[in-house]
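# Topology and contacts: notes
For reference, the chains in residue letters:
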Number of protein chains: 2
Amino acid sequence: MADIATRSEHRCCGGTLGFHEHESEALGLPARFALFRPGTARGASRPPALFCLAGLTCDETTFATKGNALRFAAAHGLMLVFPDTSPRRAGVPGEDEDWDLGTGAGFYLDATAEPWRTHYRMGSYVNDELPALVEARFGAAPGRRGIMGHSMGGHGALVLALRDPERWHSVSALAPIAHPAAVPWGHKAFGAYLGPDRDGWAAHDATLLLRAGHTHPTPILVDQGDADQFLSEQLRPDALAEAAEAAGQKLRLRRHAGYDHSYWFIQSVIEDHVAHHARLLRG
Amino acid sequence: MADIATRSEHRCCGGTLGFHEHESEALGLPARFALFRPGTARGASRPPALFCLAGLTCDETTFATKGNALRFAAAHGLMLVFPDTSPRRAGVPGEDEDWDLGTGAGFYLDATAEPWRTHYRMGSYVNDELPALVEARFGAAPGRRGIMGHSMGGHGALVLALRDPERWHSVSALAPIAHPAAVPWGHKAFGAYLGPDRDGWAAHDATLLLRAGHTHPTPILVDQGDADQFLSEQLRPDALAEAAEAAGQKLRLRRHAGYDHSYWFIQSVIEDHVAHHARLLRG
């Protein structure tokens, strides 16, 4: 496990927030993440880690800065981990041309198609490498991990938890891209990263995973604003709810009148998400 | 009173956050501000407004985005007003060259020296024009106003409240520039905006105002991190505390071990500041 460079560190809400960089094996590139360690008031020397996945165009600073989650993580004694949203400077032609493909748009999967497959491996990075790193190097509790995310990050949280419920013990999402194989953002990203054969897409789509019988042993919390500008074209929580119902997956989908897709929505419901994970992870 | 253009509006924490632009009479230029209106759960049809002044390099979005104050304003039924930190595109030669003078560094005063005096009038803008505007156009309670700020904004809050305690009914500051006439940031800004005659600086320095007998009828809350990189060279809360003591001004100066100058510090203590103002404004 390579060295970790701490770029800056700040006391916050009785704990410590750090911005870090390391050489990622999964990505084959330097990668940045932010990590909040709660104070020790709750007594747990090894706090469970809650991974917070951001959406398109974001980086490792966005959810930490705009989500307002730190105070609640401190109160519940949870660590927060904020990965970046894609590899950076991977050298793939065109990766910086579109805001919804390439840099800032890794979709939390391992690309299988050229020219993306060498470095665009955010699936392995978030699912395997980063949990091992925060448990080995930052004292996160081994074997107790939660995952949540916003938009593209909500997609990532749902898919990783449904694919590997032994690894992720709690899951929630805010305005997730809940059925990417059926919407323009997903068509573009999956077509590039996974290739045109849509059979391979199903393993990266929360709604299709539920339809195929993948479930999570805990209830899934999803919040969605009904004034979200991407709701009907890109997010499709209705499809997720229908698939969950058919699969017997407990899903609490809350709709919020007048709320949009922004972090102003996220910060309005984040307290409940952190509490949801704390209940399941510290329970 | 000119038209107000709403650039965007978001539901947040049961209220509404808007980003607005208008033609400022005080500045003689377009000016932007953000404004949070709480929901009506607290019953006050006209909520008191708490003005939140940001520091050097910031704009009207910074304190709103990073301060984590909205949820507490919503809980207490307060409006929040976030002005910009200077005029923009005033056309003063060199105004964009330094981060601590000109654009982003208005110091919440009316410049008296050329070439700044025509547009650099953030004192009148924040003290007079913006309160009148939010009371006339956004339903803020007339005659009940609080003011707080960070760093340069802490300087602004303290000075405006000490100069005009009839106008500002509650005041607090986070890591304020508490004695600008005695520190490099103040020397540079006051020397440019007010000219080299230091006698004129005293009316814009919280410590010197206290020494001259200006006090505020309410207790002043000030929070300061003891790992703040600007503490001894630029902020000088010790001088403020000494002057308050001599003047009989009630001042609660809290020092926080390990905290720096960032918004990670602000969000760690913001709940107490909003509560301080709510107690005095609604109480």
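Residues numbered from 1 in each chain as written. Chains lettered and ligands numbered in written order. Predicted model: local features only at pLDDT ≥ 70, side-chain atom pairs only at ≥ 80, totals over all residues. Heavy atoms only, no water.

Under an unreviewed UniProt entry, the name given to chain A is S-formylglutathione hydrolase, and the source organism is Rhizosaccharibacter radicis. Turning to chain A, the UniProt record has this under Catalytic activity (unreviewed entry): "S-formylglutathione + H2O = formate + glutathione + H(+)". Recorded under Sequence similarities (unreviewed entry), the UniProt text for chain A is reproduced unchanged: "Belongs to the esterase D family." (UniProt positions renumbered as here; feature names shortened; annotations may be inferred.)

Further remarks concern the overall build of chain A. If you tally the helices and strands in chain A, you get nine helices and nine strands. In terms of overall dimensions, chain A is globule-like: its C-alpha atoms have a radius of gyration of 17 Å, near the 19 Å expected for 283 residues. Its C-alpha atoms give chain A principal-axis dimensions of roughly 50 × 40 × 35 Å. Within chain A, contacts between residues separated by at least 24 positions form 72% of all contacts whose residues are at least 6 apart in sequence. Mean positive and mean negative side-chain charge positions of chain A (27 and 33 charges, respectively) differ by 8 Å. (Helix = DSSP H or I, 4+ residues; strand = E, 2+ residues; numbered from the N terminus. Rg over C-alpha atoms; globule rule 2.2 N^0.38 Å. Contact = heavy atoms within 4.5 Å. Lys, Arg positive; Asp, Glu negative; His and termini not counted. Charge placed at Lys NZ, Arg CZ, Asp CG, Glu CD.)

Take helix 5 (residues 184-193) of chain A next. Residue and element names in this part refer to chain A. Residues Trp 185, Gly 186, Ala 189, Phe 190, Ala 192 and Tyr 193 constitute the buried set of helix 5. Down the axis of helix 5, the buried set is contained in an arc of 165 degrees. They therefore lie on one face. On its buried face, helix 5 sits against helix 4 (152-163) and helix 7 (231-235). Directly beyond the C-terminal end of helix 5, a positive phi value near 90 degrees is found at Gly 195. (Buried < 20%, exposed > 50% of the residue type's maximum accessible area, 1.4 Å probe, protein only. Arc of directions from axis to C-beta.)

Aromatic ring pairs are defined here through the distance separating the ring centres and the angle between the ring planes. Residue and element names in this part refer to chain A. Enumeration according to the criterion identifies 26 aromatic pairs over all chains in this entry. Seen from their ring centres, Trp 116 and Tyr 120 are 4.9 Å apart, and the 90 degrees between their planes marks the pair as edge-to-face. Of the two residues, Trp 116 and Tyr 120, both sit in the buried class. Geometrically, the ring pair formed by Trp 185 and Phe 230 is tilted, given 4.7 Å between the ring centres and 50 degrees between the ring planes. (Phe/Tyr/Trp six-rings, centres within 6.5 Å; stacked < 30°, edge-to-face > 60°.)

Strand order across the open sheet formed by nine strands is 1-2-3-5-4-6-7-8-9 (chain A), with mixed pairing between neighbours. Looking at strand neighbours, the two that pair on one side only are strand 1 (4-12) and strand 9 (251-256) of chain A, the edges of this open sheet. Each adjacent strand pair in this sheet contributes to an overall mean axis angle of 15 degrees, direction not counted. Where strand 3 (residues 29-37) of chain A meets strand 5 (residues 79-83) of chain A, four bridges bridge the pair, whose relative direction is antiparallel. For Phe 33 of chain A, the partnering residue across the bridge sits in strand 5 of chain A and is Pro 83 of chain A. The sheet strands contacting helix 9 (residues 263-282) of chain B are strand 1 and strand 2 (15-24) of chain A, and the helix crosses strand 1 of chain A at an angle near 30 degrees. (Pairing = 2+ DSSP bridges. Axes fitted to C-alpha atoms, helices over the stretch in contact; angles between N-to-C directions.)

Bringing unusual backbone geometry into the picture now. Cis geometry is adopted by the peptide bond preceding Pro 115 of chain A, which originates at Glu 114 of chain A and carries an omega value of 0 degrees. Structurally, the position occupied by Pro 115 of chain A is in the loop between strand 5 and helix 3 (122-137). Positioned with a positive phi, Asn 68 of chain A is a non-glycine residue whose angle comes to about 60 degrees. Tracing the backbone shows Asn 68 of chain A in the loop between helix 1 (62-66) and helix 2 (70-76). One non-glycine residue, Tyr 108 of chain B, adopts positive backbone phi at about 55 degrees.

Successive residues of a regular strand alternate their side chains across the two faces of the sheet. Residue and element names in this part refer to chain A. Where burial is concerned, most of strand 6 (residues 145-150) is hidden: six out of the six residues are buried. A two-sided burial pattern is seen for strand 6, the buried positions comprising Arg 145, Ile 147 and Gly 149 on one face and Gly 146, Met 148 and His 150 on the other. Bridging between strand 4 (residues 49-53) and strand 6 involves five bridges; their strand directions are parallel. Residue pairing in the sheet places Phe 51 in a bridge with Ile 147 of strand 6. The parallel pair strand 6 and strand 7 (residues 170-174) is bridged by helix 4, and the resulting crossover is right-handed. (Right-handed = clockwise from strand over helix to strand, strands pointing away.)

This part takes up the interface of chain B and chain A. On the side of chain A, 26 residues touch chain B, which itself brings 26 residues to the contact. Buried surface at the junction of chain B and chain A, summed over both partners, amounts to about 2000 Å²; 52% is from carbon and sulfur atoms. If you sort the residues of chain B by the area they bury against chain A, Arg 11, Arg 71 and Trp 264 of chain B come out on top, with a joint share of 36%. A per-element tally of the side of chain B that touches chain A places helix 9 of chain B first, with six residues. Grouping the amino acids of the side of chain B that touches chain A by side-chain chemistry returns 12 nonpolar, eight polar and six charged. (Buried area = accessible area lost by both parts, 1.4 Å probe. Nonpolar A, V, L, I, M, F, W, Y, C, P; charged D, E, K, R; others polar.)

What follows is about the relation of the copies chain B and chain A. The transformation that overlays chain B on chain A combines an axial shift of 0.0 Å with a rotation of 180 degrees, and the residual RMSD is 0.0 Å. Within this description, the copies of the chain are treated as partners about a two-fold rotation axis. Taken as a fraction of all interface residues of chain B, those also at the interface in chain A reach 100%, which identifies the copy contact as same-surface. (Least-squares fit on C-alpha atoms with pLDDT ≥ 70 in both.)

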